[in-house]
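Letter by letter, the chains look like this.
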Amino acid sequence: MMTIENIKTNTNFSSPLGVRGSLDVKGLTIDAKNVDFYYSEFHALKNINFEVNKNEVVALIGPSGCGKSTFLRLMNRMNDLIPGTRMTGSMLIEGQDIYAPNVHVDELRKEVGMVFQKPNPFPKSIFENVAYGLRVNGIKDKTFIEERVIESIKSAALWDEVKDKLNKSAFALSGGQQQRLCIARALAISPKVVLMDEPASALDPISTAKIEDLIHELKKDYTIIIVTHNMQQASRVSDKTAYFYLGELIEYDQTIKIFTNPEKLSTQNYITGRFG
Amino acid sequence: MRHLEQELYSLRQDVIDMWKLVISQVANAGESILSFDKELAQKVSMREKKVDAYELKIDSDCENIIALHQPVAVDLRFVLAVLKINSNLERIADFAYGISRTFIANPTLILDAELITLTNLRIMIDDVNKMLNQGLDAFENENSDIASAIFSEDYQVDEINNNAPHIIAEYIMKNPDRTFECLQLIASIRKLERMGDHCSNIAEEIFFYTDAKVLKHSGKK
C-alpha cells in the first residue's frame with residue numbers, strides 16, 4: 001500500500017500504478033522451470049516458468065481450458081493419476097524437485113495441501129474431518145491431535161461457529177462452513193503451501209468474503225496459490241497474479257500492476273472482459 | 001458492444017460534449033474582453049449552468065461505473081482520468097464565467113487597446129484556447145504526444161502572466177485615471193493563467209490514461 005512516506009522516499013517511480021515487482025529469490029517456495037505438460041497428444045502447458053515467494057498469495061487467472069488448474073494440480077502431483085499424461089521440466093518446492101523418483105506423494109501432500117471448488121467433507125464428524133490427515137499420517141497422541149484440530153479450526157475462522165458441535169456430522173454445516181472446514185483439514189497437517197482451486201465459486205457473497213478474509217490471514221503462515229475466475233477476487237486477495245492463455249503463461253506480475261497497467265494487450269483484454 | 005463498453009462510450013461522449021462547451025465558453029469570454037462585447041459575456045454567463053450540469057452528470061456516471069462494473073486496467077485509468085478532467089474543465093469554465101461577470105457587472109468598462117497589446121492579452125487568450133483544443137484532440141485520439149504540447153504552451157501563458165504586473169503598474173503610473181480598468185484586467189489575466197494550469201492538469205491526466213504515467217509533481221513535462 002502506498003503511504004505518504006514512501007511516496008516521498010521513492011523518487012524513481014514513473015507511476016505508482018505501474019511499479020514492477022521483483023521476485024525475491026532467497027525466499028522462494030515454488031520454482032517451476034520449463035514446465036511442459038501433455039494430456040496424451042494435447043500440449044496443455046507450454047514452457048511455464050513460475051516462481052513464488054514464501055508467504056505470498058498468487059492468483060492464477062485465465063479463460064476455461066487455459067491450463068491454470070492443470071498447473072495448480074502439478075504442484076502436488078494431482079495429475080499423476082490421469083492416464084496418458086506427461087510432464088517435462090522441473091517443479092521445485094523449497095528447493096526439492098517434487099517429481100524426483102525418491103519423493104513420495106504422501107509426503108509431498110503433507111507439505112502441499114489442497115482445497116477444491118466444491119466443499120468435500122468426509123462423512124465423519126467435524127472433529128474427525130480435521131483429525132483425519134493427522135491420523136492417516138500415523139499420529140496417535142490424542143492431546144496433540146485435539147490441540148491441532150482446535151488450532152486448525154481456529155485458523156480457518158470456523159471455531160466460534162462449531163465449537164459446541166465438534167461431534168456433529170460435517171454435512172450439517174452450511175456450504176461456506178464446509179469449505180472452511182476443508183481448509184481447516186488442509187491446515188491440520190501443517191503444509192507449507194495451500195493450493196485452492198476456485199474455493200469460493202460455489203459460495204454466497206458472505207461465505208466468499210469469509211474465505212477471502214481467511215486467505216488474507218493465512219498468508220502470514222502459508223504460501224497460497226489460488227485459481228479463480230473471479231477477477232475482483234483475484235485482485236482483492238492476491239499479491240501476484242499469473243495470466244494463462246492457451247497453455248502459456250502470458251503475464252505474471254504484481255497484482256496491482258496486472259489490474260491497473262498490464263504489460264500485454266492479451267492480459268488487458270481478458271481482465272477487462274473484452275474476450276475470454 | 002459489452003455493457004461496460006457502452007457505458008464508457010457514453011461517458012466519453014459526454015466529456016467531449018462538455019469539453020466543446022467549455023472551449024466555446026473560454027473563446028466567448030476571451031472575445032468579450034477583446035471586443036468589449038457585453039452580449040457575448042451575457043451568453044457565457046447564461047451557459048455556465050449547463051457546464052455545471054455536465055460536471056454533475058459525469059461525476060455521477062463515473063461513480064456508477066466504478067460501483068457497478070469495477071473497471072480495471074485501461075478502463076479504470078480512463079474513468080479516474082475523466083473524474084479529474086471533469087473537475088478541471090469545470091474550473092476552467094468557472095474562470096470564463098468570472099471574466100464574463102467582470103464585464104456584465106461593469107457595463108461601461110472598456111480596455112485600452114494599447115494596454116491589450118502591451119500585456120499580450122490576445123496571445124494569452126489564443127494560447128489558452130489552443131491548449132483546450134489540443135487537450136480535446138489528445139483525449140479523442142488517445143494521443144499523449146498531442147497532450148505534451150500543452151505543457152510548453154503553459155510556459156508561455158505563465159510568462160505573460162508574470163510580466164503583466166510590471167507592464168500594468170507602469171501603465172497606471174502614466175494613466176492613474178484608468179486604475180480600475182487595470183485592476184479588472186489583471187484579475188482577468190490571473191484567471192487566464194489559472195485556466196492554463198488546469199489545461200496542464202488535464203494533459204497530465206491524458207498521459208495517465210493513455211500511457212499509465214504519473215507526471216504530476218514529477219518535473220518530467
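Residues numbered from 1 in each chain as written. Chains lettered and ligands numbered in written order. Predicted model: local features only at pLDDT ≥ 70, side-chain atom pairs only at ≥ 80, totals over all residues.

Caption draft 1: Inspection of the overall build of chain A at higher detail. Counting its secondary structure elements, chain A contains 11 helices and 10 strands. Classification of the 276 residues of chain A by burial places 43% in the buried group. (Helix = DSSP H or I, 4+ residues; strand = E, 2+ residues; numbered from the N terminus. Buried ≥ 20, exposed ≤ 12 C-beta atoms within 10 Å, placed from the backbone.)

Caption draft 2: Seen up close, the confidence of the model for chain A. All names here are of chain A. On average, residues of chain A score 89 in pLDDT, and 90% of them reach the 70 mark or higher. The lowest-confidence element of chain A is helix H1 (residues 4–9), averaging 46 in pLDDT; the highest-confidence one is strand S9 (residues 240–245), averaging 98. Contacts from residues 7–26, a stretch scored under 50 in pLDDT, to residues over four places away or in other chains number 28 contacts. (pLDDT = per-residue confidence, 0-100. Contact = placed C-beta atoms within 7 Å.)

Caption draft 3: Just the interface of chain A and chain B, in detail. At the interface, 15 residues of chain A touch 12 residues of chain B. Looking at the side of chain A that touches chain B, the elements that each hand over two or more residues are helix H9 (231–237), helix H10 (255–260) and helix H11 (265–271) of chain A. The residue makeup of the side of chain A that touches chain B, split by class, is 6 nonpolar, 9 polar and no charged. (Nonpolar A, V, L, I, M, F, W, Y, C, P; charged D, E, K, R; others polar.)

Caption draft 4: Quick peek at the nonpolar core. In this structure, Leu60 and Ile225 of chain A together with Val22 and Val128 of chain B are the most contacted members of the largest nonpolar core, which totals 135 residues. For this core, the leading source of residues is helix H3 (residues 73–105) of chain B, giving 16 residues. Beyond its immediate chain neighbours, meaning those up to four positions away, Leu60 of chain A contacts Lys68, Phe71, Leu72, Ile225, Val227, Ala242 and Phe244 of chain A. (Core = buried A, V, L, I, M, F, W, Y, C linked by C-beta atoms within 7 Å.)

Caption draft 5: Quick look at the confidence of the model for chain B. All names here are of chain B. Averaged over every residue, the pLDDT of chain B is 94; residues scoring 70 or more account for 99%. Model confidence for chain B, summarised as mean pLDDT per element, is weakest for helix H4 (residues 113–119) at 94 and strongest for helix H5 (residues 121–141) at 97. Across the assembled chains, the prediction reports ipTM 0.74 with pTM 0.81.

Caption draft 6: Spatial organisation of the pairing of strand S1 (residues 28–39) of chain A. All names here are of chain A. In terms of strand pairing, S1 meets strand S2 (residues 42–53) through 8 bridges, oriented antiparallel. Each residue of the ladder has a partner; that of Phe37, found in S2, is Leu45. The turn joining S1 and S2, which pair antiparallel and follow one another in sequence, is formed by 2 residues; a positive phi near 55° is taken by Ser40. Taken together, the 8 bridges between S1 and strand S4 (residues 85–93) define a ladder with antiparallel strand orientation. Note that in S4 the partner of Tyr39 across the bridge is Thr85. (Pairing = 2+ DSSP bridges.)

Caption draft 7: Quick peek at the packing of helix H1 (residues 3–35) of chain B against H5 of chain B. All names here are of chain B. Running from amino to carboxyl end, H1 crosses H5 at an angle of 175°, the nearest separation of the two axes being 10 Å. If you check the angle between H1 and H5, you find them roughly antiparallel. The segment H1 lies against H5, with Ile16, Trp19, Val22, Ile23, Val26, Ala27, Gly30, Ile33 and Leu34 engaging Leu121, Arg122, Ile125, Val128, Asn129, Leu132, Asn133, Leu136 and Glu140. Tallied by class, the residues present in the contact of H1 with H5 amount to 13 nonpolar, 3 polar and 2 charged. (Axes fitted to C-alpha atoms, helices over the stretch in contact; angles between N-to-C directions. Parallel < 35°, antiparallel > 145°, perpendicular 65-115°, else oblique.)

Caption draft 8: Representation of helix H7 (residues 175–188) of chain A in the model. Residues and elements named next belong to chain A. Over its 14 residues, H7 extends 20 Å from the first C-alpha to the last, a length consistent with the 20 Å expected when each residue adds 1.5 Å. The buried fraction of H7 is high, at 13 of 14 residues. Directly beyond the C-terminal end of H7, a positive phi value near 55° is found at Ser190. (Expected span 1.5 Å × (residues − 1).)

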